[in-house]
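Understanding the architecture of this molecule
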Amino acid sequence: AFYHSYIQGGTVARPVWHEFPGDQETHGIDTQFMLGQAVMVAPILQEGADARFLYLPPGEADGRDTIWYDGITSDIMPPGYIRVESDLKNPASTTPFYIRGGYILPIQDPEAQNTAEQRSTKALTLLAYLDGGKQASGELYLDDGESENLNLYTKIVFQVAPGVLELDVEIDNFDDSKNWKFNFIRINGVEGPVT
């Protein structure tokens, strides 16, 4: 999302209707938001509350059904209005968030607490969330996080099609990218082996 925001001038955080303009239910939502195209965040904003209702749009602009995954459990969620709970007084609790099917999210290693630790471990996790056609795509942008030379980066594009995970290094100008690795790959929504 940040790479596309920089290159194309798009938003990183955006209202839900930005991604689902044809769904009238999304037009009045002001307590949920999207991070990029894939992640919906639905914080509980009312003081003292530990539950809320949120809306998961049921369809894409092209008519396909939208599949939503719980951001913590990866369970497939029903579209429409759902009730969620989160007690922020409980340290194990989190802000409710959901992942839209059809996207692949490379994320920092869960053990890394900040960017400096991430750069030292050079470990990533790859999470794919399949859509109704059992497909997903995503990108990874890697740079050193310090250089002012904006051309020193590596861009990797990921694709999942039924039974296959592929990656293509489109731009490879960041030498240290060869030292990075995926410690964990998970494909959510798959019903068989992936090669």
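We now turn to the structure provided with this report. No experiment lies behind these values; they were computed from the predicted model shown.

**Examining the side chain of Ser74**
In this fold, Ser74 is placed in the loop between β5 (68–70) and β6 (76–77). We classify Ser74 as buried; its relative accessible area is 13%. A polar side-chain atom of Ser74 sits 3.3 Å from a polar atom in the side chain of Asn188.

**A short note on the side chain of Arg14**
Along the chain, Arg14 turns up in strand β1 (residues 13–14). Taking relative accessible area as the criterion, Arg14 reaches 12% and is therefore assigned buried. For Arg14, the side chain forms a polar contact with the side chain of Glu19, separated by 2.6 Å. Among residues more than four places away in sequence, those in contact with Arg14 are Glu19, Phe33, Met34, Gly36 and Gln37.

**Digging into the pairing of strand β8 (residues 97–100)**
Across three bridges, the pairing between strand β3 (residues 39–41) and β8 is antiparallel. Within the sheet, the bridge partner assigned to Met40 lies in β8 and is Tyr98. In this sheet, β8 lies alongside β5 in antiparallel orientation, the contact comprising three bridges. Opposite Tyr69, over in β8, you have Ile99 as the bridge partner.

**A few points about the sheet that holds β1**
Here six strands make up an open sheet; going across it, the order is β1-β2-β3-β8-β5-β6 and the pairing antiparallel. Looking along the sheet, the strands with just one partner apiece sit at the ends: β1 and β6. Summarising the sheet, β1 and strand β2 (residues 33–35) pair through two bridges and their orientation is antiparallel. Residue pairing in the sheet places Ala13 in a bridge with Leu35 of β2.

**Topic: the pattern of salt bridges**
Within the structure shown, the criterion is met by ten salt bridges. Two residues, Arg100 and Glu19, come together in a salt bridge whose shortest N-O distance is 2.8 Å. Placement of Arg100 in strand β8 and of Glu19 in helix α2 (residues 16–19) is noted, with a sequence separation of 81 residues between them. Overall, Glu19 belongs to the buried group, its relative accessible area being 13%. Lys178 is paired through a salt bridge with Asp172; the nearest N and O atoms lie 3.1 Å apart. Given the relative accessible area of 56%, Lys178 is considered exposed. The network of salt bridges with common partners includes Arg14, Glu19, Glu60 and Arg100.

**Concerning unusual backbone geometry**
Positive phi values are uncommon outside glycine, yet Lys122 reaches one of about 50 degrees. Tracing the chain through its elements places Lys122 in the loop between α3 (115–121) and β10 (123–129). Non-glycine residue Lys134 carries a positive phi angle of around 60 degrees. Examined against the element boundaries, Lys134 turns out to sit in the loop between β10 and β11 (136–142).

**Structural notes on the packing of aromatic side chains**
For the structure shown, the criterion picks out five aromatic pairs. Between Phe20 and Trp68, the aromatic rings sit 6.0 Å apart at their centres with planes inclined by 45 degrees, giving tilted as the arrangement. Here Phe20 is found in the loop between α2 and β2, whereas its partner Trp68 is found in strand β5, with 48 residues between them in sequence. Of the two residues, Phe20 and Trp68, both sit in the buried class.

Definitions and cut-offs
- Note that residues are indexed from 1 along each chain, following the sequence as it is written.
- The model is predicted, so local features are restricted to residues of pLDDT at least 70 and side-chain atom pairs to those at 80 or more, both for listing and for counting; the totals for chains, interfaces and linings are taken over all residues.
- The basis for the side-chain values is all heavy atoms of the structure; hydrogens and waters are excluded.
- A run of DSSP states H or I qualifies as a helix once it reaches four residues; a run of E qualifies as a strand once it reaches two. Both are numbered from the N-terminal end.
- Accessibility here uses a 1.4 Å probe with only protein chains present; expressed as a share of the type maximum, an area under 20% marks a residue as buried, one over 50% as exposed, and anything in between as partly exposed.
- Under this definition, polar contacts are N or O atom pairs within 3.5 Å; protein pairs additionally need one hydrogen-donor-capable and one acceptor-capable atom, and for neighbouring residues in sequence, both atoms have to be side-chain atoms.
- Contacts were defined at the residue level, with two residues in contact if any of their heavy atoms lie within 4.5 Å.
- Strands are treated as partners if at least two bridges between them are detected by DSSP.
- Salt bridge, as used here: a side-chain nitrogen of Lys or Arg that lies within 4 Å of a carboxyl oxygen of Asp or Glu.
- Ring pairs shown here join Phe, Tyr and Trp side chains whose ring centres sit within 6.5 Å, with only the six-membered ring taken for Trp; geometry is labelled stacked below 30 degrees between planes, edge-to-face above 60, and tilted in between.

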